[in-house]
Amino acid sequence: MRAWREGRREASESLDSPDSRPLRAADRTLDLDSSTLADIQAAGIDLDPGGPRPDHDPNELHTHPHVRSLPGEPPIIGIVGGGAVGSALAVALTRAGWPIAAIASRDPERRARLSKLVGGTRAFAEANALLDEVELIIVAVPDDAIAPLAGSLRMYSGQAMVHTSGLLGSEVLAPAMAAGTQIGSFHPLVAFADMERAVEALRGATVAVEGDEQLMDLLARMAEAVGAIPVRLAAGTKPAYHAAAVLAAGGFVALLDAIARLASVAGLDEQGALAVYGRLIEQTLGNARAIGIGPALTGPMTRGDTGTVSAHLAELRSREPGVLDLYVAAARRELDLVEERRGLTPEAIAALRDLLAKPP
Ligand SMILES: NC(=O)c1ccc[n+]([C@@H]2O[C@H](COP(=O)([O-])OP(=O)(O)OC[C@H]3O[C@@H](n4cnc5c(N)ncnc54)[C@H](OP(=O)(O)O)[C@@H]3O)[C@@H](O)[C@H]2O)c1
């Protein structure tokens with residue numbers, strides 16, 4: 001499936017064309033097809049209407065001679081943002097044979113590091129400069145920075161732009177659109193804490209893709225190129241999907257930290273805590289996978305052990321008050337599960353809820 005308009009290709013060609021040739025950099029063209037140019041000029045369209053305008057018409061044609069990939073090749077990719085996701089995707093895609101033609105990072109050290117990591121890439125301080133060099137722009141900046149960044153960019157006809165946010169839809173990129181451009185999102189369900197581990201973790205991870213229909217096939221192939229599994233989410237579900245991801249990654253780390261702090265009271269260092277409680281965590285996860293989340297619940301909540309819970313709360317308050325709220329929040333959720341499976345009498349559940357509402 002063709003992902004965007006390509007001036008040089010014949011109408012019958014596509015990225016999947018069986019006649020596709022191997023990548024040859026010299027085959028890339030910096031010019032629009034002359035007949036395309038003539039058509040545009042005959043239609044009275046201004047080919048270079050000036051710099052980006054936040055209030056531009058997204059249907060207006062915005063053409064510029066920029067590089068184009070050949071049929072069957074990966075698109076010419078640029079990545080904006082030299083942070084955790086931008087760096088790992090740059091490395092993973094390069095290793096997968098999807099070279100990164102350009103990167104934009106505001107930080108000189110990150111620019112140098114990324115250039116060295118991926119090789120053969122042009123490095124820019126400004127995202128706008130990168131737009132002249134690529135077909136597909138991957139915006140890997142913090143969620144709150146995506147909209148302002150998109151508002152400062154204006155794509156050329158034939159280009160596509162995706163961001164990597166798990167929360168936001170592709171529409172946040174709309175301010176960067178012109179006629180003949182496409183937008184999407186590409187969210188890998190991976191915790192990008194360490195670059196090499198993240199590149200490895202992309203194998204078998206899911207990547208949620210969403211956006212303009214014509215772009216979906218390309219994004220799916222990009223996910224598969226790095227060993228991931230592309231998935232499409234139902235409209236309007238990204239916030240919940242992402243909140244779950246945040247609980248599974250950051251939330252779980254917060255839980256691990258609480259576990260390690262309590263374990264330190266018992267004399268275990270972090271490695272010791274991870275070794276000892278890690279086994280219990282893995283066993284619990286295994287139980288949930290085998291018999292379901294509800295049935296995997298164990299502990300004092302399932303038994304209505306008010307005395308045990310009371311002792312825990314008192315100990316936490318005196319020894320590790322910082323983890324008390326987390327214990328109480330988790331205990332309330334456990335009680336919901338107990339209630340759902342009718343594991344305790346209403347009186348026993350009420351007694352535990354009272355205790356959690358007014359910890360000793
Ligand atoms: N971290 C994860 O595990 C993860 C997983 C999946 C998806 N994501 C998503 O991926 C995106 C990037 O996350 P990240 O973890 O890579 O963030 P990050 O490590 O903080 O890196 C983001 C990069 O964006 C650039 N940046 C920061 N503020 C900016 C601004 N105001 N304007 C323009 N550029 C700015 C910076 O790069 P330069 O200084 O180099 O310009 C920064 O290094 C987010 O949408 C996030 O939700 C993250």
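What you are looking at is a predicted structure, and each value in this text was computed from that prediction instead of being measured.

(A) Just the overall build of the protein chain, in detail. Within the protein chain one finds 13 helices and eight strands. Burial analysis of the protein chain (360 residues in total) assigns 31% to the buried set. Residue pairs at least 24 apart in sequence account for 61% of intrachain contacts in the protein chain once pairs closer than 6 positions are excluded.

(B) Region of the structure containing the site of the ligand. Around the ligand there are 24 residues in total, and Gly81, Gly82, Gly83, Val85 and Ser105 lie nearest to it. Broken down by secondary-structure element, the contributors of at least two residues to the shell around the ligand are helix H2 (84-95), helix H5 (143-151) and strand S6 (182-188).

(C) Examining the pairing of strand S1 (residues 77-80) more closely. Residues Ile77 and Ile79 of S1 are buried on one face, and the alternating residues Gly78 and Val80, pointing to the opposite face, are buried as well. In this structure, S1 lies alongside strand S2 (residues 100-104), joined through four bridges in parallel fashion. Along S2, the bridge assignment pairs Ile77 with Ile100. Each parallel crossover has a hand, and for S1 linked through H2 to S2 it is right-handed. Strand direction decides the pairing type here: S1 and strand S4 (residues 136-139), joined by four bridges, are parallel.

(D) Spotlight on the nonpolar core. Ile77, Val80, Ile138 and Val139 are the most contacted members of the largest nonpolar core, which has 64 residues in total. Among the elements that make up this core, the one with the highest residue count is H2 (seven residues). Within the second largest apolar cluster, eight residues are counted, among which are Leu316, Tyr327, Ala331 and Val338.

(E) How the structure looks around H2. For H2, which comprises 12 residues, the first-to-last C-alpha distance of 17 Å matches the rise-based estimate of 16 Å (1.5 Å per residue) to within 8%. Most of H2 sits inside the fold, with nine of its 12 residues counted as buried. Listed as buried for H2 are Val85, Gly86, Ser87, Ala88, Leu89, Ala90, Val91, Ala92 and Leu93. Elements in contact with the buried residues of H2: S1, S2, helix H3 (108-118), S4, helix H6 (195-201) and helix H7 (213-225). Just beyond H2, the residue with positive phi is Gly97, at close to 85 degrees.

(F) Summary view of the packing of helix H12 (residues 324-340) against helix H13 (residues 346-357). The contact between H12 and H13 brings their axes to 10 Å, and the two run at 165 degrees. As the angle between them shows, H12 and H13 are arranged roughly antiparallel. Of the two possible hands of crossing, H12 and H13 adopt the one that is left-handed. Residue-level contacts link Val328, Ala331, Arg332, Leu335, Val338 and Glu339 of H12 to Ile349, Leu352, Arg353 and Leu356 of H13. Tallied by class, residues from the contact of H12 with H13 come to seven nonpolar, no polar and three charged.

(G) Geometry of the sheet that holds strand S3 (residues 122-124). Across the sheet, eight strands lie side by side as S3-S2-S1-S4-S5-S6-S7-S8; this open sheet has mixed pairing. What marks the edges here is a single partner per strand, and that holds for S3 and strand S8 (229-232). The sheet shows a mean angle of 25 degrees between the axes of neighbouring strands, direction not considered. Here S6 runs beside strand S7 (residues 206-211); their pairing, made up of five bridges, is antiparallel. By the bridge assignment for S7, Phe186 is matched with Val209.

(H) Structural view of unusual backbone geometry. At Arg342, a position not held by glycine, the phi torsion is positive, near 50 degrees. As for its position among the elements, Arg342 is in the loop between H12 and H13. By C-beta crowding, Arg342 is classed as exposed, having 9 other C-beta atoms within 10 Å.

(I) Structural detail: the packing of H2 against H3. Remark: H2 packs on H3, axes separated minimally by 9 Å, with the N-to-C direction vectors making an angle of 20 degrees. As judged from the angle between their axes, H2 and H3 are roughly parallel. Where H2 crosses over H3, the two elements pack in a sense that is right-handed. For the pair H2 and H3, the contacting residues are Ser87, Ala90, Val91 and Thr94 in the first and Leu114, Leu117 and Val118 in the second. Tallied by class, residues from the contact of H2 with H3 come to five nonpolar, two polar and no charged.

Calculation rules
- The written sequence of each chain sets the order in which its residues are numbered from 1.
- With the structure being a predicted model, the display of local features is reserved for residues of pLDDT at least 70 and the display and counting of side-chain atom pairs for 80 or more, all residues being used for whole-chain, interface and lining totals.
- Strands here are runs of E lasting at least two residues and helices are runs of H or I lasting at least four, both read from the DSSP assignment and numbered beginning at the N terminus.
- With C-beta atoms placed from the backbone, a residue is buried if 20 or more other C-beta atoms are within 10 Å of its own, exposed if 12 or fewer are, and partly exposed between those counts.
- C-beta atoms are placed from the backbone for every residue, and two residues are taken to be in contact when these atoms lie within 7 Å.
- Being near a molecule or strand means, for a residue, that its backbone-placed C-beta atom lies within 6 Å of it.
- Two strands pair if DSSP finds at least two bridges between them.
- Viewed with both strands pointing away, a crossover whose connecting path from the first strand over the helix to the second turns clockwise is right-handed.
- Residues enter a nonpolar core if they are buried, belong to Ala, Val, Leu, Ile, Met, Phe, Trp, Tyr or Cys, and are joined to the set through C-beta atoms within 7 Å.
- Here, expected helix span is obtained from the residue count minus one, scaled by 1.5 Å.
- Comment: axis = line fitted to C-alpha atoms, over the contacting stretch for helices; angle = value between 0 and 180 degrees taken between N-to-C directions.
- Orientation labels follow simple angle bins: below 35 degrees gives roughly parallel, above 145 gives roughly antiparallel, 65 to 115 gives roughly perpendicular, and whatever is left gives oblique.
- Note: crossing handedness is left-handed where the near helix turns anticlockwise from the far helix by less than a right angle, and right-handed where it turns clockwise.
- Classes in brief: Ala, Val, Leu, Ile, Met, Phe, Trp, Tyr, Cys and Pro nonpolar; Asp, Glu, Lys and Arg charged; the others, Gly included, polar.

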